Amino acid sequence: MSEPLVPRMREFGETIFAEMSARAVATGSINLGQGFPDTDGPPAMLEAAVEAIRSGGNQYPPGPGLPELREAVAAQRLERYGLEFDPATEVYVTVGATEGVAASVMALAGPGDEVIVFEPYYDSYAATVALAGAVRRPVLLRPVEGRFTFDPDELRAAVGPRTRLILVNSPHNPAGTVFTRDELQVIADVCREHDLVAVTDEVYEYLTYDGVEHVPLATLDGMRERTVTVSSVGKSFSVTGWKTGWVTAPARYVRAVQTVKQFLTYATGGPWQRAAAYGLRNELPWVGELRKSLEAKRDRLISGLEAAGFATYRPQGTYFVQADIRPLGFTDGIELAKALPERAGVVAIPTQVFYDHPEAGAHFVRFAFCKKDEVIDEAVERLARLA
């Protein structure tokens, strides 16, 4: 019998996160691979979810999302970024940012269209472009003076007559880069010149470090009307399991996203939506303290990794540190990541799985620092065995 999976999806097997998390469980290793915290979000926000369940909010909510969450998202975009969105027509709730990105790409790009992505990219992007029947055009992020960035000429060269979208992730997972205003201006110029739409994944919008500013692409001149912005409650409030995100965009793009999303999941869990609305309106000071805590954890992990012999890149945002394995005598990140559980009792993610050109990232592995201090300390003590 022939392979049942459609050809465009045959390059995608079990996600690297599922594979490495299973290895962590099987070996009793410390899991610094998948990006989820080991502590919970604001207690009052958690209680808001419990209260929503107890008070009967357990049936289908409106497909576009509860009005109270859409209003809270619109208020957040206005207060934080000066971006005004109509909560009734320009805000749409999704099952996490992953679905928001997927529904946006599938709504706005079709067979034969090209989607520009910056590599390394979050793994769902490649699969999402394939689901749309579109073609991805990668633009490489290279380390330059301690951070990953792109060559503007390479971005311009990636645009062709079939290019439809640019998929932008800032703060960037897995590179840890927060695109500067100048870098975003290059992207905006390309979008305007070639009449492209930008889909931006901004789930780490609050989690930037060292005073680095997150600038939404939609705030640049001429970009609000051609940008679909995706974010979520999971990373900002340490509730990744709630899978509650949103899209903000001009109404015509929101209608397009809704046309796809309503046939994927129809609606997002009502109790989580109510609690997310509460969090956006009441718990942003808690998020500010989380950011400070994560910055300290980042520095703690980097110190330990460097003491263990890795070279590191200090991320400007997200949960993750990129570590260069070559100083320890290794050159293949997949090979090392698969050996780490047995050799050191630690799980990491090989960065090369996030590339169309894996040779560019073969010498990097990604470690997550969204863990308790004692977990980080134990992990780096174990990693010191590699030396």
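To keep things clear, this report deals only with the structure shown in the data block. Since this is a predicted model, take the numbers as computed values, not measurements.

1. What to know about the sheet that holds strand S8 (residues 197–201)
As summarised here, the arrangement of the seven strands in space is S2-S10-S9-S8-S7-S3-S4, forming an open sheet in which the pairing is mixed. Only two strands of the sheet have a single partner each, and these edge strands are strand S2 (91–94) and strand S4 (135–140). Put simply, the sheet's adjacent strands are angled 25° from each other on average, direction ignored. Bridge analysis of strand S3 (residues 114–119) against strand S7 (residues 163–169) gives four bridges, and the strand direction is parallel. Directly across from Val115, in S7, lies its bridge partner Leu165. The strands touched by helix H3 (residues 67–81) within the sheet are S2, strand S9 (227–232) and strand S10 (245–248), with S2 carrying the most contacts at an inclination of about 120°. Against the sheet, helix H7 (residues 181–194) makes contact with S3, S7 and S8, and its axis sits at roughly 165° relative to S7, the strand it touches most.

2. A short note on helix H10 (residues 284–307)
With 24 residues, H10 should cover 34 Å at 1.5 Å per step; its first-to-last C-alpha distance of 35 Å lies within 8% of that length. Along H10, the residues classified as buried are Val287, Leu290, Leu294, Lys297, Arg298, Leu301, Ile302, Gly304 and Leu305. Turning to H10, the residues buried within the fold contact strand S11 (311–313), strand S12 (320–324), strand S15 (364–368) and helix H12 (373–383). Of the residues trailing H10, Gly309 is marked for its positive phi of about 110°.

3. Concerning H7
With 14 residues, H7 should reach 20 Å at 1.5 Å per residue; the first-to-last C-alpha distance of 20 Å fits that figure. Within H7 the residues assigned to the buried category are Glu183, Leu184, Val186, Ile187, Ala188, Val190 and Cys191. For H7, the elements touching its buried residues are S3, strand S6 (147–149), helix H6 (152–158), S7 and S8. Looking one or two residues beyond H7, the residue adopting positive phi is Asp195, at roughly 55°.

4. Description of the sheet that holds S12
Strand order in the open sheet made by the four strands is S11-S12-S15-S14, with antiparallel pairing throughout. Each having just a single partner strand, S11 and strand S14 (349–350) make up the two edges of the open sheet. Judged from the two bridges that link them, S14 and S15 form a sheet pairing that is antiparallel. Paired with Pro350 across the strands is Val365, a residue of S15.

5. Here's the deal with the nonpolar core
Formed by 86 residues in total, the largest nonpolar core has its most connected members in Leu301, Phe310, Phe367 and Leu383. Here the element with the most residues in this core is H10; it accounts for six residues. One finds Leu184, Val215, Leu220 and Met223 within the second-largest nonpolar core, a separate group that totals 28 residues.

6. Focus on the packing of aromatic side chains
Overall, the coordinates contain 14 aromatic pairs when judged by the stated rule. Ring plane angle 85° and centroid distance 5.7 Å describe the contact between Tyr60 and Tyr266, whose orientation is recorded as edge-to-face. Pair noted here: Tyr60 is in the loop between helix H2 (43–54) and H3 and Tyr266 is in the loop between helix H8 (251–261) and helix H9 (270–282), with a separation of 206 residues, a long-range link. Under the relative-accessibility criterion, Tyr266 is labelled partly exposed at 38%. For the pair Tyr204 and Phe320, a centre-to-centre distance of 6.4 Å together with 80° between the ring planes defines the contact as edge-to-face. Separated by 116 residues along the polypeptide, Tyr204 in the loop between S8 and S9 and Phe320 in strand S12 bring together distant segments of the chain.

7. Comments concerning the pattern of salt bridges
On inspection of all chains with the given rule, the structure shows 27 salt bridges. Across the pair Arg314 and Asp299 runs a salt bridge, and its minimum N-O distance is 2.6 Å. In this pair, Arg314 sits in the loop between S11 and S12 while Asp299 sits in helix H10, placing the two residues 15 residues apart along the sequence. Exposure remark for Asp299: the relative accessible area of 27% places this residue in the partly exposed category. Three or more residues are tied together by salt bridges with common partners; here these are Asp210, Arg298, Asp299 and Arg314.

8. Some words on the pairing of S3
For S3, the buried fraction is high: six of the six residues fall into the buried class. Here S3 shows a buried face lined by Glu114, Ile116 and Phe118 and a second buried face lined by Val115, Val117 and Glu119. Across six bridges, S3 lies against S4 in parallel orientation. Within the sheet, the bridge partner assigned to Glu119 lies in S4 and is Leu140.

What counts and how
- Residues numbered from 1 in each chain as written.
- Predicted model: local features only at pLDDT ≥ 70, side-chain atom pairs only at ≥ 80, totals over all residues.
- Heavy atoms only, no water.
- Pairing = 2+ DSSP bridges.
- Helix = DSSP H or I, 4+ residues; strand = E, 2+ residues; numbered from the N terminus.
- Axes fitted to C-alpha atoms, helices over the stretch in contact; angles between N-to-C directions.
- Contact = heavy atoms within 4.5 Å.
- Expected span 1.5 Å × (residues − 1).
- Buried < 20%, exposed > 50% of the residue type's maximum accessible area, 1.4 Å probe, protein only.
- Core = buried A, V, L, I, M, F, W, Y, C linked by side-chain atoms within 4.5 Å.
- Phe/Tyr/Trp six-rings, centres within 6.5 Å; stacked < 30°, edge-to-face > 60°.
- Salt bridge = Lys/Arg side-chain N within 4 Å of Asp/Glu carboxyl O.

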